Amino acid sequence: MQEDNGFVFMTEKRDVLIFRVATVEEYDLLWRRHIEG
């Protein structure tokens, strides 16, 4: 399902994953330290 700032995806196991657009500042603050490489 398409959203204004991202999309919602349902897996085969019926888990719901929500993806959205993040600013560079938000990415640096929240996620960069958890991603390797």
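Right, let's walk through the structure included here. Given the structure is predicted, the values throughout are model-derived calculations rather than measurements.

In the structure shown here, the tally under the stated rule is 1 aromatic pair. Considering the side-chain rings of Phe7 and Phe19, the 4.9 Å spacing of their centres and the 20° angle between planes classify their relative orientation as stacked. On the criterion of sequence distance, the pair formed by Phe7 in strand β2 (residues 6-10) and Phe19 in strand β3 (residues 16-20) is long-range, its members being 12 residues apart. Residue Phe7 is classed as partly exposed on the basis of its relative accessible area of 38%.

A few words now on the pattern of salt bridges. Evaluated as defined, the whole model comprises 2 salt bridges. Here Glu26 ties to Arg20 by a salt bridge, and the two come within 2.6 Å at their closest N and O atoms. The partner of Arg32 in a salt bridge is Asp28, with the nearest N and O atoms 2.7 Å apart.

Once that is clear, we can look at the environment of Asp28. Mapping Asp28 onto the fold places it in helix α1 (residues 24-30). A relative accessible area of 37% means that Asp28 is categorised as partly exposed.

Conventions we followed
- Every chain begins its residue count from 1, and numbering advances along the sequence as written.
- With pLDDT at 70 or above as the cut-off, local features in this predicted model cover only qualifying residues; side-chain atom pairs require 80 or more to be listed or tallied, and sums for whole chains, interfaces and linings still use all residues.
- Side-chain numbers here rest on the full set of heavy atoms in the structure, without hydrogens or water.
- Pairing of aromatic rings covers Phe, Tyr and the six-membered ring of Trp, with a centre-to-centre limit of 6.5 Å; geometry is then stacked below 30 degrees between planes, edge-to-face above 60, and tilted otherwise.
- Numbering of helices and strands runs from the N terminus; a helix is a DSSP stretch of H or I covering at least four residues, while a strand is a stretch of E covering at least two.
- Relative accessible area decides the class of each residue, using a 1.4 Å probe on protein chains only: under 20% of the type maximum gives buried, over 50% gives exposed, and in between gives partly exposed.
- The term salt bridge refers to a side-chain nitrogen of Lys or Arg lying within 4 Å of a carboxyl oxygen of Asp or Glu.

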